[in-house]
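Each chain, letter by letter, is given below.
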Amino acid sequence: LTLCIFARFASADETLSFDYAAYINFFTALQDYPLQELLTSKLNIPYIAIEGSVAFEAGFTLLAKFFTTFLSDAKITYAALASLSAGVRIYVMRRLHAPWPWVLIINIYAITLFEANALRLGIASSLIIFGLLKLTQNKSNQALILICSSTLIHLQAALFITPLIAAWPFINKISKTRTKLA
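One structure accompanies this document, and this report is about it.

Thresholds, definitions, all that
Residues numbered from 1 in each chain as written. Predicted model: local features only at pLDDT ≥ 70, side-chain atom pairs only at ≥ 80, totals over all residues. Heavy atoms only, no water. Helix = DSSP H or I, 4+ residues; strand = E, 2+ residues; numbered from the N terminus. Rg over C-alpha atoms; globule rule 2.2 N^0.38 Å. Buried < 20%, exposed > 50% of the residue type's maximum accessible area, 1.4 Å probe, protein only. Contact = heavy atoms within 4.5 Å. Areas by Shrake-Rupley, 256 points an atom, 1.4 Å probe, with all protein chains shown as cover. Lys, Arg positive; Asp, Glu negative; His and termini not counted. Charge placed at Lys NZ, Arg CZ, Asp CG, Glu CD. Axes fitted to C-alpha atoms, helices over the stretch in contact; angles between N-to-C directions. Parallel < 35°, antiparallel > 145°, perpendicular 65-115°, else oblique. Left-handed = near helix turned anticlockwise from the far one by under 90°. Nonpolar A, V, L, I, M, F, W, Y, C, P; charged D, E, K, R; others polar. Expected span 1.5 Å × (residues − 1). Polar contact = N/O pair within 3.5 Å; in protein donor to acceptor, adjacent residues only side chain to side chain. Core = buried A, V, L, I, M, F, W, Y, C linked by side-chain atoms within 4.5 Å. Pairing = 2+ DSSP bridges.

Okay, the overall build of the chain next. When you go through the chain residue by residue, the secondary structure sums to nine helices and three strands. For a compact globule of 182 residues, the expected C-alpha radius of gyration is about 16 Å, and the chain comes in at 18 Å, within 12% of that figure. Each principal axis of the C-alpha atoms in the chain carries an extent, and together these give about 55 × 40 × 25 Å. Burial analysis of the chain (182 residues in total) assigns 40% to the buried set. Relative to all contacts within the chain whose residues are 6 or more apart in sequence, the contacts with residues 24 or more apart total 61%. Carbon and sulfur atoms form 68% of the exposed surface of the chain, whose accessible area is close to 10200 Å². Side chains of the chain give 14 positive and 9 negative charges; the mean places of these two sets differ by 23 Å.

Following this line, the structure appears as structure tokens:
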């Protein structure tokens, strides 16, 4: 499924969506900037702003910079990031024993919403659900790091995780109580 996603986005053109076109322009412009400049003169916390593009969150920009360093084509960068995002979501769903038909149906919808339009939100939501998977595995430190790092990719993830973190002590207490009862 992730290979199909990669192939679709790698072969897309800017008419796929306005957001896709904006990301392609951003990835193309990002290739011209050294990392040092991004972290100094272009950094306006929590964003990094480069000429010819809108400002994006620092975490997303640095992740994209990593990919553009090794992948020279902006479309390939987009395809790789979209495939990674969907791949994490598919991995989590399979680890939770979701049946393949559900994985397929949910991801067709999610890819249309996230990877085809809101790439940053797709990556951020994949980090959140991966963090929630870690929480089910009683790896709360890893879960907290993954969930909190989602805001570095898309700041609006904070709208979801702020109440989640506020409820974290209660979630841990319930989890420990369930463990003692079992």
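Here we come to the packing of helix 4 (residues 58–70) against helix 5 (residues 74–95). Viewed as axis vectors pointing N to C, helix 4 and helix 5 meet at an angle of 120°, and their least axial separation amounts to 10 Å. In terms of orientation, helix 4 and helix 5 fall into the oblique class. Like other packed secondary-structure pairs, helix 4 and helix 5 cross with a definite hand, here right-handed. Contacts between helix 4 and helix 5 involve Phe 60, Leu 63, Ala 64, Phe 67 and Thr 68 on the former and, on the latter, Thr 77, Ala 80, Leu 81 and Leu 84. Looking at the contact of helix 4 with helix 5 residue by residue, the class counts come to seven nonpolar, two polar and no charged.

Another point: helix 5. Owing to its 3.6 residues per turn, the α-helix aligns residues three or four sequence positions apart on the same side. Its 22 residues place the ends of helix 5 31 Å apart at the C-alpha level, agreeing with the 32 Å of an ideal helix rising 1.5 Å per residue. Between a side-chain oxygen at the N-terminus of helix 5 and the backbone nitrogen of Lys 75 the separation is 3.2 Å; the capping residue is Asp 73. His 97, located one to two residues past helix 5, shows a positive phi value of around 65°.

As a further point, take the packing of helix 7 (residues 119–136) against helix 8 (residues 140–153). One can describe the packing of helix 7 onto helix 8 by two numbers: an axis separation of 7 Å at closest approach and a directional angle of 170°. Considered as vectors, helix 7 and helix 8 are oriented roughly antiparallel to each other. Contacts from Arg 120, Ile 123, Ala 124, Leu 127, Ile 128, Phe 130, Gly 131, Leu 132, Lys 134 and Leu 135 in helix 7 reach Ser 140, Gln 142, Ala 143, Leu 146, Ile 147, Ser 149, Ser 150 and Ile 153 in helix 8. For the contact of helix 7 with helix 8, the class distribution of residues is eleven nonpolar, five polar and two charged.

Another point: the nonpolar core. When a protein is soluble and globular, its nonpolar side chains tend to lie buried together. By size, the foremost hydrophobic cluster in this structure holds 40 residues, and its most contacted members are Phe 9, Phe 27, Phe 60, Tyr 78 and Leu 119. Looking at this core, the elements with two or more residues in it are helix 1 (2–10), helix 2 (18–30), helix 4, helix 5, helix 7, helix 8 and helix 9 (158–181).

Bringing the sheet that holds strand 2 (residues 47–48) into the picture now. Each strand in a sheet pairs with another by means of backbone hydrogen bonds, the pair being arranged parallel or else antiparallel. Taken together, the three strands give an open sheet; going across it, the order is 1-2-3, and neighbouring strands pair in antiparallel fashion. The two strands at the open ends of the sheet, each matched to only one other strand, are strand 1 (43–44) and strand 3 (56–57). Across two bridges, strand 1 lies against strand 2 in antiparallel orientation. Of the residues in strand 2, the one forming a bridge with Leu 43 is Ile 48.

For helix 4, spanning 13 residues, the distance from its first C-alpha to its last is 19 Å, which sits close to the expected 18 Å at 1.5 Å a residue. Turning to helix 4, its buried residues number three or more, namely Ala 58, Gly 59, Phe 60, Thr 61, Ala 64, Lys 65, Phe 67 and Thr 68.

Attention now moves to the environment of Thr 177. Along the chain, the position of Thr 177 falls in helix 9. In the structure, Thr 177 is positioned 139 residues away from Leu 38 in sequence and 47 Å away in space, judged by C-alpha atoms.

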